[in-house]
Amino acid sequence: MEPGRYKSKSPGSAGLGLFVLLCSSLLLNALFFAHHFVWASPPVPRLGDDAAGGGLSWALQAAREAEAVAAVDCSGHGSVFLDGIVGDGEDGRPGCECNHCFAGPDCSVRTPNCTADAESGNPLFLEPYWMRHAAASAVVFSGWHRMSYATTGGGLQSVELERHIRRLHRAVGNAAVDDKHLVFATGSTQLSNALVYALSPEGNAVSSSPPASVVATAPYYAAYKMQVDMFDAREYRWAGTTATWDKNTSRNSTGDFIEFVTSPNNPDTALRKPVLGGSSAIVDHAYYWPHFSHIPEPADEDVMLFSASKLSGHAGSRFGWALIRDENVATRAAQYIKTSTLGGSRETQLRILKLVKVILSNLHGAEDIFAFGYDVMRSRWHRLNAVVSRSTRISLQKIPPGYCTYLKRIKEPSPAYAWVKCEWEEDRDCSEMLLEAGIISRSGVSNEAGSRYTRVGLLKTEDDFDVLLERVTDLVNAEKHGQARSSAM
Ligand SMILES: Cc1ncc(COP(=O)(O)O)c(C=O)c1O
């Protein structure tokens, strides 16, 4: 030990020491306050050594959970989801959710004589595309992501998403966006009623004028009538099909018309225009994307509807948008959305932003979603037609090929639905006849097209389509045998 180390200091050096101590304490306090209040960042929990590796900390556990469920083998006939039902197994993880007609813990068992369910428009044909783009399309967000009612700029809509949706329409060339306002909603389903409200007579005008008449041309998407009937407001009412009013000379005296137009149409997939001149039209372009339709030109109606459900296939995210020319109509539609839900989910908007970015970055490339979707849907239509062309009992709608300005070539048909007509006199209820043949479809009665017609969905999983094709083939083959038998008798 050094001699004199603990010797007491002189009064002068003690004062200097005290001064230095005071200064460093002040500096430390200043640093502490600056760190806490000026550069304050949320406290980030660290989850272990991995953080050092990739610079990640709190996102790792969630990423591991997401990857663990995605890696479970469901034999290619099902999926595991993070919020699926946790089984009794030891791993405490959710189990496989099997596609229709498949069963067993790993979905490897095909249900014998299974009925094909082609009733809905569930757009799962795009699921394999997103599996191929698992890394690019994954979204990670913190527990404190956008907790506020307000988003950037104090509004309810993601400004960045709005910018990207406009970019997408410009790049695909399916809608003119430059002179339009953009209104988001929880699916375009919510928007269809918001727009009926927005186009109906305002305030005082309601008492002096009759309610707006909401119409559509048959066969039409049944949800329009269901919504108008359900919300049954004093501003508007369902007034049937356009055929009733088309040549009706007293039309002007019955007040305003709001015409729903779907193009391509659901259920018969035809490209359509409004038929009642001079009335307001809500043009639903849910299927006006190159995987379902050729794109002759950018749509440019005053009020247009689009849906993520049919663009990217994310029906469960519940996201739709309207492009509206008139500012007052846009304000009223936005007011409806604000009053009913205070805007669409911010998590959904983040997810759709990511998906739109992936779509944009792959346009015209080897992984173009529209080229992928077109190939799938064209092949399904082609295979279905090959079978049905042998039938005298059922027929499908005719769809002419058309030049697609996006694909820059003539596009073969690739519709979302088959609009089936029963040709035999005795098959008055076409949906019932198909059901007996093991196919669930949606009767044309709900579209005011009559029971001779029924809609068959083609946009579900490949498994769904395979079963559907088997049942249709059985039906057509039985018809051939039946005819052979009857001609032999
Ligand atoms: C013509 C049409 N519009 C809207 C929708 C619903 O869209 P969303 O899922 O955005 O509510 C559908 C769904 O099948 C549809 O066929």
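Here's a quick rundown of the structure. (Residues numbered from 1 in each chain as written. Predicted model: local features only at pLDDT ≥ 70, side-chain atom pairs only at ≥ 80, totals over all residues.)

The next point concerns the overall build of the protein. Each helix and strand in the protein was counted, giving 16 helices and 19 strands. A separation threshold of at least 6 residues defines the contact pool for the protein, and within that pool the share at least 24 residues apart is 65%. (Helix = DSSP H or I, 4+ residues; strand = E, 2+ residues; numbered from the N terminus. Contact = placed C-beta atoms within 7 Å.)

We now examine the sheet that holds strand β16 (residues 417–422). Strand order in the open sheet formed by four strands is β13-β16-β19-β18, and the pairing between neighbours is antiparallel. Edge positions in the sheet fall to β13 (394–395) and β18 (442–443), since each has one partner strand and no second. Here two bridges tie β13 to β16, and the two strands are oriented antiparallel to one another. Considered in β16, the bridge of Ile 394 is made with Cys 422. (Pairing = 2+ DSSP bridges.)

The subject of this paragraph is the site of the ligand. Looking at the ligand, there are 13 residues lining it, with Gly 187, Ser 188, Thr 189, Ser 307 and Ser 309 nearest. Considering every element that reaches the shell around the ligand, the biggest residue donor is helix α7 (residues 187–199), with three residues. Taken together, the residues of the shell around the ligand break down into three nonpolar, nine polar and one charged. (Near = placed C-beta within 6 Å. Nonpolar A, V, L, I, M, F, W, Y, C, P; charged D, E, K, R; others polar.)

The next point concerns the nonpolar core. Membership of the largest hydrophobic core comes to 96 residues, with the highest contact counts inside it found for Val 183, Ala 194, Leu 195, Ala 322, Ala 333 and Leu 458. In terms of residue count, the dominant contributor to this core is α7 (seven residues). If sequence neighbours within four positions are ignored, Leu 458 has contacts with Met 377, Arg 380, Trp 381, Pro 415, Ala 416, Tyr 417, Ala 418 and Phe 465. (Core = buried A, V, L, I, M, F, W, Y, C linked by C-beta atoms within 7 Å. Buried ≥ 20, exposed ≤ 12 C-beta atoms within 10 Å, placed from the backbone.)

Mapped onto the secondary structure, Leu 363 falls in the loop between α13 (346–362) and α14 (369–388). C-alpha separation for the pair Leu 363 and Val 172, spaced 191 residues apart in sequence, amounts to 8.4 Å. Once you skip the residues sitting within four places of it in the chain, Leu 363 turns out to touch Ala 171 and Asp 368.

Each regular strand shows side chains that alternate between the opposite faces of the sheet. Counting buried positions along strand β9 (residues 257–262) yields six of six residues, so the element is predominantly enclosed. Here β9 shows a buried face lined by Phe 257, Glu 259 and Val 261 and a second buried face lined by Ile 258, Phe 260 and Thr 262. Note that β9 and strand β10 (residues 280–284) share five bridges and pair parallel. Note that in β10 the partner of Thr 262 across the bridge is Asp 284.

A few words now on the packing of α7 against helix α9 (residues 223–231). With their axes 10 Å apart at the nearest point, α7 and α9 run at an angle of 55° to one another. With respect to each other, α7 and α9 are oriented oblique. Where α7 crosses over α9, the handedness of that crossing is right-handed. Each of Thr 189, Ser 192, Asn 193 and Val 196 in α7 lies in contact with α9, whose residues at this interface are Ala 223, Tyr 224, Gln 227, Val 228 and Phe 231. Among the residues making up the contact of α7 with α9, the classes are represented as five nonpolar, four polar and no charged. (Axes fitted to C-alpha atoms, helices over the stretch in contact; angles between N-to-C directions. Parallel < 35°, antiparallel > 145°, perpendicular 65-115°, else oblique. Left-handed = near helix turned anticlockwise from the far one by under 90°.)

Here the focus is the environment of His 77. Along the chain, His 77 turns up in the loop between α3 (59–70) and β1 (78–79). What makes His 77 buried here is the crowd of 21 C-beta atoms within 10 Å. For the pair His 77 and Asp 463, spaced 386 residues apart in sequence, the C-alpha separation works out to 7.2 Å. Dropping the residues within four chain positions of it, His 77 is found in contact with Cys 98, Asn 99, Phe 102, Cys 107 and Asp 463.

This part takes up the packing of α7 against helix α12 (residues 327–341). For the pair α7 and α12, interaxial distance at closest approach is 8 Å and the crossing angle is 130°. With respect to α12, the axis of α7 lies oblique. Every pair of crossing elements has a handedness; the one defined by α7 and α12 is right-handed. Residues Gln 190, Leu 191, Ala 194, Leu 195, Tyr 197, Ala 198 and Leu 199 of α7 touch α12, and the partners they reach there are Val 329, Arg 332, Ala 333, Tyr 336 and Ile 337. Here the residues of the contact of α7 with α12 are counted per class, giving ten nonpolar, one polar and one charged.

Spatial strand order, β6-β12-β11-β10-β9-β7-β8: seven strands in an open sheet with mixed pairing. Edge positions in the sheet fall to β6 (181–185) and β8 (236–241), since each has one partner strand and no second. Neighbouring strand axes in the sheet, compared pairwise and without regard to direction, differ in orientation by 25° on average.

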